[in-house]
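Structural characterization, general
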Amino acid sequence: MAKVSKSPWLLHYDASSCNGCDIEVLDCLTPKYDIERFGIINTGDPFQADILLITGGVNSQTEPVVKQLYSQIPEPKVVVAVGICACTGGVFKECYNIKGGIDTVIPVDVYVPGCAARPEAIIDGVVQAVAILDKKREEYRRQKNAK
Amino acid sequence: MGLIPVLIGVPAVFAVLLSFIRQEKARGVVVYVGAGSVMVLSLAFVASWIQNGSMIEKVYVNTEMVDHLMMVGEAFLMGLIVVLSIKYKRFFAALLSVAQTSLLFYVELTTDLPEAEHMLVDRLALLMCVIVAFVGGFICIYAVGYMKGYHHHHKEFKDRQPFFFSMLFFFLAAMFGLVLSLNLIWMYFFWEITSVISFLLIGYTRTEEAVRNSFTALWMNLLGGLGFAAGIAIMAFTIHSVQMSDLVLWGAPLPVACLCLAGLTKSAQLPFSSWLLGAMVAPTPSSALLHSATMVKAGVYLLIRLAPALNDTIVGLMVSLIGGFTFIAASMMAIAQNDGKKVLAFSTISNLGLIVACAGIGVEETVWGAVLLMIFHSVSKSMLFQSVGATENCLGSRDIEDMHGMLLRLPKLTYIMGIGIAGMYLAPFGMLISKWVALRAFVDSENVLLVIFIAFGSATTMFYWTKWLSKLISQHHARDNVTDVTRRDEYLSMFVHAGCMLLLCLLFPLLSTNLVDPIMLELFGYARPVLSMEVLNTMAIMLVSVGIVPLSMFFVSKAAHKQLVPIYMSGVNEGDDRYFVNSLGEPEHLYLSNWYLRYQFGMRRLMRPSIYFSAAILVVIFCLILGGAV
Amino acid sequence: MQVLSVIGYLILAPLAGGLLDGIDRIISARMQRRKGPPLLQPFYDIGKLFSKEVIAVNNVQMLLNLSYLVFLAIAGSMLFAGKDILMCLFILSTADMFLIMGASSDSSPYANLGAGREMIQMMAYEPLTLIVAVGFYLSSGSFQVSDIIGQQYSSVLFMPGMLLGFMFTAAIKFRKSPFDLSTSHHAHQEMVKGLTTEMSGPTLAIMNIAEYYEMILILGIFCLFFLNGNWWSWPLAIAACAVIFFLETLWDNASARLKWKTLLDSCWVITLLFGGVNLLILMLLK
């Protein structure tokens, strides 16, 4: 855990989920899983977030919202798609209003499958995301110094 | 002091002259010349006084001729009021006017008053003269530009500018007379003139509302005038003197209470506050000059003069309680107002309340605070009124809601307004320091109620100013652009005011030691420094830091490279920070409103109880005095 | 001595504030039967925030936030230099004003809501702070902090009501439930992050550091209640502060957020009851 960033704050957005995964995400905050022990805070605010955690596939209504939220998160940032719908569109993939997984709109770094995704899997995904975040931070710092 | 008649006479001559000039350009020139000469004269007056050794001077012993002229003048004023009251069928004002004028004539004709000086020149009077000359002079200059814009916007009102400017200059003359009078009958005469001019200016537009409000103002001020006349009559019959100084030495409760009643009505304290709120229908220059910067200060001036006689008496208790209560009640009601001028009116009433409370306690420290509050309040409030007036001419509204994001639309006016607002309540500006001294003095005088009033009152004061300021500073790009139609005359006046405000804050320690401490010496016969030098130094440091901190931070933050993104609106920002997508998928205009807490602090809820409460204080204490309990 | 204590405050206050915040988060977690973050979490957070990209919605927010920080530091320095407490409180409210300006400058719905609530909070706690300052003046005869801590008996003997009242309203300053109307550290709120909604990266870090300065300043005022001329009053004051801080955390976890109306009413009533009555008695005594 030494390399892992110590204070990843996340923003949770429900793109079109059935709420199954959302409940599991909130589960992670409960005493049993307690993600705060990793310093993770579920902020509700893109301006303060490092990790964008999205459940559900993207539809035409949520597409601009996902894009805007992503643009409002300061660099470095990572995106975690939670649940099979967010990864690929899931059972709703062929629906007329669904565009597909989150990666059809913004770049996704970690995919957490499951229907609904289990809290353990979500936590594991987030911890992986944190590792990627660290890499990105190094890159960002190098870029900044190069400038 | 040969300059006194000139000081009073020159504005009066200009007033007569202005009432004949119909041509706009010529009027502008005459106003500039008039205002300039008033300022120069007041400075010359101060200079000649300093040259004569800076002593308290009492002048004009034999003035039979002038006395008779004044009686004629009083009769004329009474006639004017009676005629207008009959014309508009509001007889109460006429009744009051006739009552007080006949009472005063009776006194003058029956009692034999010993010869004594009629006028007094001391530092307090000179200070008032300078305030009146400079604040008043610049407001007149402001009015040149403002009235053009006003009549450009309001075609429905008859253009009566010659009358308007003539009244402004008459008012200046009357104010000079008022602050220099030692003889109460003389002071009463000038007092009545200011009441009548205020009445005429409130009714300037002659709309039904204006007429109604002007009569409210008239009868309340006349009630005060009746108190004044009664006080004079009691003095004349009992101690055969109508000198202010004799009254302070004598200090009998009843006449002092009567004069205090006059002071309370003039400075619009509860229960007589409604006239000042109604007076806001008048064009802004008159609101700035009469209803915030100078005329209402006449009431406070009278109370400060009486302050040594108020210390530890039941009358002082009445005055300080009413003042303190007005301070908190008016500041609460200001929260619920969204009309810029109404907020200013309430804040004027509230600040005057604080000054009145200080005067009512009547010890050196509080009066020190009162004098400084008076100076700062005059300048910053006059500036605020002017900027709100100019804003109204630009935006077509003086609603604070419409001032959202004004910093980007009318930057110059916003800066002026911002300085005015900051001067009214922020540390380390003068108002706050004076408030601090007042608080300490209230504690020393062991008045728990006043301490609680000031503690709550300053919290509510902070609330309504902060929310106004935050409205101004919002970085919001409005759809329609506004052109700044403020004229050069208006900016000249406002910039000078803003400069004065900043300078006064910087020179605060000097102001305190060189001007206000000697005033205390004259009023009380002794003076010790109210603020220690250490405090004054801390203040100076503070003041510099208030200037320097944001400025240096400005450069620090400018150096930081940043990327601008749209504001957070749950991800449905339309992109320009003005619209968001609503639940029907359509763009919806974003509208941010201020907090007004109307149900809690609205006038409808608070006005009546506060009037009853303060009226009860007045009635009870008058009954106690009349009943001979004290 | 004065200079030392000011420098000490300026350097140590953010550290102590951060540590207290860490302790607070652990205690809160234990009260909720969680493990909670590491003790140094607040410092990790601030380090991370400084490493983030600077994004903003306008050009003035950073400037206003920095001014907030500097004014808070000045207010705190005045207290720790033993200067006038009333002046210190006035500067404290000036600092708060800059925070409100910073939030309103966004012209964004959530930040504006937060700024409005912050103003209400200021209006709610301000009367009692003034009354407390007056209480110190009455009990020690001076507004100077150096005189207050040098007196023979602790001020709390004369002003226990004010202490209770101040504990009540201090929850506002600590941004603790039930008075965390304008913003708080907890997730999922009706107004997102309130007045900090548009603050990101370094801007937010500055705001957090300022909050630590403020926390230590408020605890410093709590200390004033207990300090007197004797040496043993210092550990006593620090112990009392620890107890008070624990009680605030407990209260934070045991209560839900209130509506602004209840906040204003309850704070003003408490101010009148505890502050006003205490003041009256104090005036009669002295």
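Residues numbered from 1 in each chain as written. Chains lettered and ligands numbered in written order. Predicted model: local features only at pLDDT ≥ 70, side-chain atom pairs only at ≥ 80, totals over all residues.

In terms of regular secondary structure, chain C is built from ten helices and one strand. Counting from the amino terminus, chain C carries its helices and strands in the arrangement α-α-β-α-α-α-α-α-α-α-α. Relative to the 2.2 N^0.38 estimate, which gives 19 Å for 286 residues, the radius of gyration of chain C is 19 Å and therefore close to what a compact globule would have. Split into buried and exposed, the 286 residues of chain C put 65% on the buried side. Put simply, of all contacts in chain C between residues at least 6 apart along the chain, 76% involve residues at least 24 apart. (Helix = DSSP H or I, 4+ residues; strand = E, 2+ residues; numbered from the N terminus. Rg over C-alpha atoms; globule rule 2.2 N^0.38 Å. Buried ≥ 20, exposed ≤ 12 C-beta atoms within 10 Å, placed from the backbone. Contact = placed C-beta atoms within 7 Å.)

Let us now look at the overall build of chain A. Counting secondary structure elements, chain A contains four helices and seven strands. Counted from the first residue to the last, chain A has its helices and strands arranged as β-α-β-β-β-α-β-α-β-β-α. The C-alpha atoms of chain A give 15 Å as radius of gyration, which agrees with the globular expectation for 147 residues (15 Å, within 12%). C-alpha atoms of chain A, sized along the principal axes, occupy 45 × 40 × 20 Å. Each of the 147 residues in chain A was classed as buried or not, and the buried ones make up 52%. Of all intrachain contacts in chain A linking residues separated by at least 6 positions in sequence, the fraction that spans at least 24 positions is 82%.

Attention now goes to the interface of chain B and chain A. With five residues of chain B in contact, the opposing surface of chain A contributes eight residues. Taken together, the residues of the side of chain B that touches chain A break down into three nonpolar, two polar and no charged. (Nonpolar A, V, L, I, M, F, W, Y, C, P; charged D, E, K, R; others polar.)

On to the pairing of strand β5 (residues 78-82) of chain A, then. Residue and element names in this part refer to chain A. Counting buried positions along β5 yields five of five residues, so the element is predominantly enclosed. Of the two faces of β5, the one carrying V78, V80 and V82 and the one carrying V79 and A81 are both buried. As paired elements, strand β3 (residues 51-55) and β5 share five bridges and run parallel to each other. Paired with T55 across the strands is V82, a residue of β5. Strand direction decides the pairing type here: β5 and strand β7 (residues 110-112), joined by three bridges, are parallel. Residue pairing across strands places V80 opposite V110, the latter belonging to β7. (Pairing = 2+ DSSP bridges.)

This part takes up the nonpolar core. Of all hydrophobic cores here, the largest spans 338 residues; its most connected members are B:F171, B:I232, B:A359, C:A75 and C:I91. By residue number, the principal contributor to this core is helix α5 (residues 123-153) of chain B, which donates 20 residues. Excluding anything up to four places from it in sequence, C:A75 contacts C:C88, C:I91, C:L92, C:A95 and C:L217. Of all hydrophobic cores here, the second largest spans 42 residues; its members include A:A49, A:V58, A:V79 and A:A86. (Core = buried A, V, L, I, M, F, W, Y, C linked by C-beta atoms within 7 Å.)

Looking now at the sheet that holds β3(A). Residues and elements named next belong to chain A. Spatially, β2-β1-β3-β5-β7 is the arrangement adopted by the five strands of the open sheet, whose pairing is parallel. Across the chains shown, the open sheet's two edge strands, defined by having one partner strand only, are β2 (41-43) and β7. With strand direction ignored, the average angle separating the axes of adjacent strands in the sheet is 30 degrees. (Axes fitted to C-alpha atoms, helices over the stretch in contact; angles between N-to-C directions.)

This part takes up the environment of C:M199. Looking at where C:M199 falls in the secondary structure, it is placed in the loop between α7 (160-173) and α8 (201-226). The buried category is assigned to C:M199, around which 28 C-beta atoms lie within 10 Å. The spacing of C:M199 and C:C267 is 68 residues in sequence and 29 Å in space, taken between C-alpha atoms. Residues within four places of C:M199 in sequence aside, it is in contact with A:F47, C:Q61, C:N65, C:L204 and C:M207.

The next thing to look at is the interface of chain B and chain C. Of the residues lining the interface, 49 residues belong to chain B; the matching set on chain C comes to 52 residues. Per-element accounting of the side of chain B that touches chain C gives the leading share, 15 residues, to helix α20 (residues 448-473) of chain B. Here the residues of the side of chain B that touches chain C sort into 32 nonpolar, 13 polar and four charged. Summarising the sheet, strand β3 (residues 563-564) of chain B and strand β1 (residues 55-56) of chain C pair through two bridges and their orientation is parallel. Residue B:L564 lies in a different strand from β1(C), and its bridge partner there is C:A56.

Residues and elements named next belong to chain B. Between helix α1 (residues 3-18) and helix α2 (residues 24-51), whose axes approach to 10 Å, the crossing angle comes to 175 degrees. Relative to α2, α1 is oriented roughly antiparallel. Side by side, α1 and α2 meet where L3, V6, L7, V10, P11, F14, L17 and L18 of the first sit next to R27, V30, G34, S37, V38, L41, S42, A44, F45 and S48 of the second. Residues that form the contact of α1 with α2 fall into these classes: 13 nonpolar, four polar and one charged. (Parallel < 35°, antiparallel > 145°, perpendicular 65-115°, else oblique.)

End to end, helix α8 (residues 208-239) of chain B covers 46 Å across 32 residues, agreeing with the expected 46 Å (1.5 Å per residue, within 8%). Immediately downstream of α8(B), the backbone of B:H240 shows phi near 50 degrees, a positive value. (Expected span 1.5 Å × (residues − 1).)

A few words now on the environment of C:A103. You can see C:A103 is positioned in helix α4 (residues 85-104). Each C-alpha atom of the pair C:A103 and C:G194 lies 8.7 Å from the other, and the pair is 91 residues apart in sequence.

Glycine aside, residues mostly have negative phi, and peptide bonds are mostly found in the trans state. Cis rather than trans, the peptide bond between B:L270 and B:P271 has omega equal to 0 degrees. Checked against the element boundaries, B:P271 lands in the loop between α10 (253-266) and α11 (274-278). Residue C:P178 is bonded to the preceding C:S177 through a cis peptide linkage, with omega at 5 degrees. Along the polypeptide, C:P178 turns up in the loop between α7 and α8. In the Ramachandran plot, A:N19 falls in the positive-phi region, its phi being about 85 degrees despite a non-glycine side chain. Locating A:N19 in the fold gives a position in the loop between β1 (9-14) and α1 (20-27).

What follows is about the pairing of β3(A). Residues and elements named next belong to chain A. With five of its five residues buried, β3 lies for the most part within the structure. What you see with β3 is no split at all: I51, L53 and T55 on one side and L52 and I54 on the other are buried throughout. Relative to β3, β1 is paired through five bridges, and the arrangement is parallel. Directly across from L11, in β3, lies its bridge partner L52.

So, about the confidence of the model for chain C. Residues and elements named next belong to chain C. Confidence in the prediction of chain C, expressed as mean pLDDT, is 90, and 99% of residues score 70 or more. Across chain C, helix α9 (residues 233-254) holds the top mean pLDDT of 94, while β1 sits lowest at 86. Both confidence scores are given for the complex: pTM 0.93, ipTM 0.93. (pLDDT = per-residue confidence, 0-100.)

Turning next to helix α22 (residues 508-524) of chain B. Residue and element names in this part refer to chain B. By the largest-angle criterion, V516 marks the main kink of α22, which is about 30 degrees, and a proline, P518, follows within four residues. Residues F508, S512, V516, I519, M520 and L523 constitute the buried set of α22. Just beyond α22, the residue with positive phi is G525, at close to 85 degrees. (Bend = angle between axes of the 7 residues up to and from the residue.)

So, on to the packing of helix α1 (residues 2-31) of chain C against α9(C). Residues and elements named next belong to chain C. Two elements in contact, α1 and α9, have axes whose closest approach is 10 Å; the angle formed by their N-to-C orientations is 45 degrees. Taken as axis vectors, α1 and α9 run oblique relative to one another. For the crossing formed where α1 meets α9, the hand is right-handed. Contacts between α1 and α9 involve L20, D24, I27, S28 and M31 from the first element and F245, T249, D252 and N253 from the second. Partitioning the contact of α1 with α9 into residue classes produces four nonpolar, three polar and two charged. (Left-handed = near helix turned anticlockwise from the far one by under 90°.)

Note on placement: A:G39 falls in the loop between α1 and β2. In the structure, A:G39 is positioned 69 residues away from A:V108 in sequence and 22 Å away in space, judged by C-alpha atoms. Leaving out residues up to four positions away in the same chain, A:G39 has contacts with A:K6, A:S7, A:P8, C:P37, C:Q41 and C:Y44.

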